[in-house]
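The chain contents come next:
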There are 2 protein chains.
Amino acid sequence: MTIQSFYPPQRTLMGPGPSDIYPQVLQALSRPTLGHLDPLFIGMMDELKSLLQYAFQTTNPFTIAVSAPGSAGMEACFVNLVEPGDKVIVCRNGVFGERMRENVIRCGGEAVLVDNEWGEPVDPLAVEAALKAHPDAKILAFVHAETSTGALSDAETLAKLARAHGCLTIVDAVTSLGGVPLKVDEWQLDAVYSGSQKCLSCVPGLSPLTFSPRAIEAIQQRKTPVQSWFLDQSLVLAYWSGEGKRSYHHTAPVNSLYALHEALVRLQNEGLENAWQRHAEMHQSLRAGLEAMGIRFVVEEKSRLPQLNAVYIPDGVDDAQVRQTLLEKYNLEIGAGLGALAGKAWRIGLMGYAARNENVALCLKALEDVLK
Amino acid sequence: MTIQSFYPPQRTLMGPGPSDIYPQVLQALSRPTLGHLDPLFIGMMDELKSLLQYAFQTTNPFTIAVSAPGSAGMEACFVNLVEPGDKVIVCRNGVFGERMRENVIRCGGEAVLVDNEWGEPVDPLAVEAALKAHPDAKILAFVHAETSTGALSDAETLAKLARAHGCLTIVDAVTSLGGVPLKVDEWQLDAVYSGSQKCLSCVPGLSPLTFSPRAIEAIQQRKTPVQSWFLDQSLVLAYWSGEGKRSYHHTAPVNSLYALHEALVRLQNEGLENAWQRHAEMHQSLRAGLEAMGIRFVVEEKSRLPQLNAVYIPDGVDDAQVRQTLLEKYNLEIGAGLGALAGKAWRIGLMGYAARNENVALCLKALEDVLK
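Note that this is a predicted model, so its numbers are computed, not measured.

J.: Got a minute to help me understand the relation of the copies chain B and chain A in this structure?
T.: The two chain copies are related to each other by a rotation about an axis together with a translation along it. Mapping chain B onto chain A calls for a rotation angle of 180 degrees and an axial translation of 0.0 Å; the resulting RMSD is 0.0 Å. Given the turn and translation reported, the copies of this chain are related as if by a two-fold rotation axis. The position closest to the rotation axis in chain B is occupied by the C-alpha of Ala-68 of chain B, lying 2.5 Å away. Looking at chain B, 100% of its interface residues are interface residues in chain A too, so the copies touch through the same face.

J.: Got a minute to help me understand the sheet that holds strand S12 (residues 332-336) of chain B in this structure?
T.: All names here are of chain B. Across the sheet, 4 strands lie side by side as S1-S12-S13-S11; this open sheet has mixed pairing. At either end of the open sheet lies a strand with only one pairing partner, and these are strand S1 (12-14) and strand S11 (308-312). Strand-to-strand twist across the sheet, computed as the mean angle between neighbouring axes with direction ignored, equals 30 degrees. Across 5 bridges, S11 lies against strand S13 (residues 345-349) in antiparallel orientation. Each bridged residue has a counterpart across the sheet, and for Ala-310 the counterpart in S13 is Arg-347. In the packing of helix H11 (residues 319-330) onto the sheet, the strands contacted are S12 and S13, and the crossing angle to S12 comes to about 160 degrees.

J.: How should unusual backbone geometry be read in this particular structure?
T.: Excluding glycine, most residues fall at negative phi; most peptide bonds, likewise, are trans. Look at the link from Gly-17 of chain A to Pro-18 of chain A: it is a cis peptide, with omega at 5 degrees. With a phi angle near 55 degrees, Gln-57 of chain B is a residue other than glycine that sits in the positive phi range. One can find Gln-57 of chain B in the loop between helix H2 (39-56) and strand S2 (62-66).

J.: Help me understand H11 of chain B, please; the structure alone is not making it clear to me.
T.: Since one α-helical turn is 3.6 residues long, residues separated by three or four positions face the same way. Residue and element names in this part refer to chain B. With 12 residues, H11 should cover 16 Å at 1.5 Å per step; its first-to-last C-alpha distance of 16 Å lies within 8% of that length. Within H11, the full set of buried residues consists of Asp-319, Val-322, Leu-326 and Leu-327. Down the axis of H11, the buried side of the element spans an arc of 130 degrees, and every buried residue falls inside it. Opposite the buried face of H11, by more than 90 degrees, sit the exposed residues Glu-328 and Lys-329. In this structure Asp-318 caps H11, since a side-chain oxygen of it lies 3.3 Å from the backbone nitrogen of Ala-320. Phi turns positive one or two residues past the end of H11, at Asn-331, with a value near 50 degrees.

J.: Help me understand the side chain of Arg-287 of chain B, please; the structure alone is not making it clear to me.
T.: All names here are of chain B. Note on placement: Arg-287 falls in helix H10 (residues 272-292). When its relative accessible area of 15% is taken as the criterion, Arg-287 is described as buried. A polar atom in the side chain of Arg-287 sits 3.3 Å from the side chain of Gln-284.

J.: Honestly, the domain arrangement of chain A in this entry has me stumped. Any pointers?
T.: A common way to report how large an interface is uses the accessible area buried once the components associate. All names here are of chain A. Taken as a whole, chain A is organised into domain 1 (12-18 + 271-371) and domain 2 (23-268). Measuring from the centre of the C-alpha atoms in domain 1 to the corresponding centre in domain 2 gives 26 Å. Between domain 1 and domain 2, the residue contacts involve 27 residues of the former and 32 residues of the latter. Buried surface at the junction of domain 1 and domain 2, both sides included, amounts to about 2,200 Å², of which 67% is carbon and sulfur.

J.: Would you take a moment to explain the UniProt feature "binding site: substrate" (unreviewed entry) in chain A for this structure?
T.: Residues and elements named next belong to chain A. UniProt records the feature "binding site: substrate" (unreviewed entry) for Arg-347 in the present numbering. If you trace the backbone, Arg-347 turns up in strand S13 (residues 345-349). One polar contact links the side chain of Arg-347 to the main-chain carbonyl oxygen of Thr-147, over a distance of 2.8 Å.

Reading the values: the criteria
Every residue gets a number counted from 1 within its own chain, in the order that chain's sequence is written. Naming scheme: in the order in which they are written, chains are lettered from A and ligands are numbered from 1. For this predicted model, a pLDDT threshold of at least 70 governs which residues receive local features, and a threshold of 80 or more governs which side-chain atom pairs are given and counted, while totals over whole chains, interfaces and linings are taken from all residues. Values reported for side chains reflect all heavy atoms of the structure, with hydrogen atoms and water molecules removed beforehand. The least-squares superposition of copies is restricted to C-alpha atoms, and to residues with a pLDDT of at least 70 in both copies. Two residues form a contact once any of their heavy atoms are found within 4.5 Å. When DSSP finds two or more bridges between a pair of strands, those strands are recorded as paired. Elements are defined by DSSP. Helices are runs of H or I of four residues or more, strands are runs of E of two residues or more, and each kind is numbered from the N terminus. Between N-to-C directions, angles span 0 to 180 degrees; the directions come from axes that are lines fitted to C-alpha atoms, helices contributing only their stretch in contact. How far a helix is expected to stretch is found by multiplying one less than its residue total by 1.5 Å. Burial classes follow relative accessibility: with a 1.4 Å probe on protein chains only, a residue under 20% of its type's maximum area counts as buried, one over 50% as exposed, and anything between as partly exposed. Directions pointing from the helix axis toward each C-beta atom define the arc. By the criterion applied in these results, polar contacts are pairs of N or O atoms within 3.5 Å in which, for protein atoms, one can donate a hydrogen and the other can accept it, and in which residues neighboring in sequence qualify only through two side-chain atoms. Note that the domain bounds were set by an automatic or database domain assignment. Buried surface area refers to the total accessible area, computed with a probe of radius 1.4 Å, that the two partners give up upon joining, counted for both partners together. UniProt positions are given in the numbering used here, feature names are shortened, and annotations may be inferred rather than shown by experiment.

The following block contains the structure:
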């Protein structure tokens, strides 16, 4: 059997990620590979750090991209900050809160759960009660934008509560970064990770990450080694430090980092506030069309993510059949429901480059045709 | 400050990796992104598995690419196979053997070291003695092709010894895969990881990995959960299984996987034996030229890797200055020494697409000019 080269079609990606990629990002991706210790590459890495600081709205010196997808970024936060026996309050209102709990357990920590219904934001009152009931908790972990439900939680308020009770915060910003306001320094968040393939419209495979000086201090005061060598950020720091000679940790994913650099240059050129505004406007446009078709949202208006629209599948409609027709006839991908919402909801993404009038128009018309 | 798009120059990459990338691989990299659950993408992943099985010379059903660099592939082997208290015999004859030891410790295992000098292969007699002295050892771990020194160890003999003493093997094939014979099934290796950016001439960021049925059985018999969620291969398996519906684990690095598919299509079209032969011939050609300049090899002829030529820096020559001139004047990258060989040796790679007559000619003439 001889296998041939693979030529994918051009899809419109309006699921929960990967999102539509900027054409310029794909061009950057295929530029000539440099060695990962080449001075020109290191110069690009310094720029990338500045661009990531802008996207995260932080001056944290430790701001990098983990050389692996968002779930490795999540794990980087937990393995570096949680030591065996540490108590972590984990807010769970979807798939990714549950994954945080898994991470705590695998680090030998104790997870205290604050549960909210799928589709609801994290409830600050319940978090405050948990913080009071567990004065020995070290960390509060929550998801800013739940990719499984489309719910936005109030990261600023949750972080304020954590600080008032002497806790660090670990924040999942995979779907929020670049799509809705996220202000790491102003909100005083401690360990925040994201993904390249959501509102940054870069290819999947990298996880932007930032640690506050408080988080770095906690890492430096660890009594036990970090259980992962690959994700031990004290080792990675030596490569990203940008001061003098870089030491080798692992071979950086050079071309993917070109792509992330280009995606962030585009975000810089548009301006963060303008990007947030664009996501909000495209959401309103999509929402009006969906509601006109009688389609209802999973999440209440005040907590709705503009970039991830979870909507109930109309009664009597064949979930898989609709998504298959959209894909085959219109080259349009929308997302299936995940976890508790599997078979009950669709997730329509308007992330980054996907948040455009032409995408909203295509999605509405195609859905209208298919549901007819 | 406004940061501009990044345009790297075209370098010739003859260091220890990343190696020169096939132009067709860079083209594949920038093809339109598909969703990671798209049926067309899943079809490509099935092909990729077959191609990886060919490259590894195995029929192991568990043959995948880890969504992260080779050091994560290494960690995937250790965290899945080593449980707290397990004894692992680790052969250390360079940087990557030492990294294996680090991994064992971080998994809560006990590492028994078999040391050889840098530049020497692993000594089977010393390994046999260690296996006899530690009948309770569970795993033998060694590096097939030491990227830090250019030494090739006899994986077939070492694996035979391991089996005779009831041990599983973990084998680092980062630099060997595609460059020298590696026969996973014939040699009965158990857990073998590699890197995309060496003799496969793909972009850095992925780690081919294969587990034998014996390794899978050991994973299924674990008494404790795998400490890494991201690298827990029992979870990853559900995505790669290729039987029916794929479940979501993490977002696959879609475009990088296109690139790996293309690199392996090229290897398939050339044929593994022809690729090994080409590496051997280019090595002889480079060797003749280097020896004519009076340059000596670090590794004895019988254990020398054709794809990674570690040579002593001639007396009185300024290491950094030579490498900088090669880079700036000729756009040619050769590698510095690592660890014990830092400042003493260069590492000249002839990996994958870099193993061509034009590269050998450029390297020899440029070195001759610079050393004059």
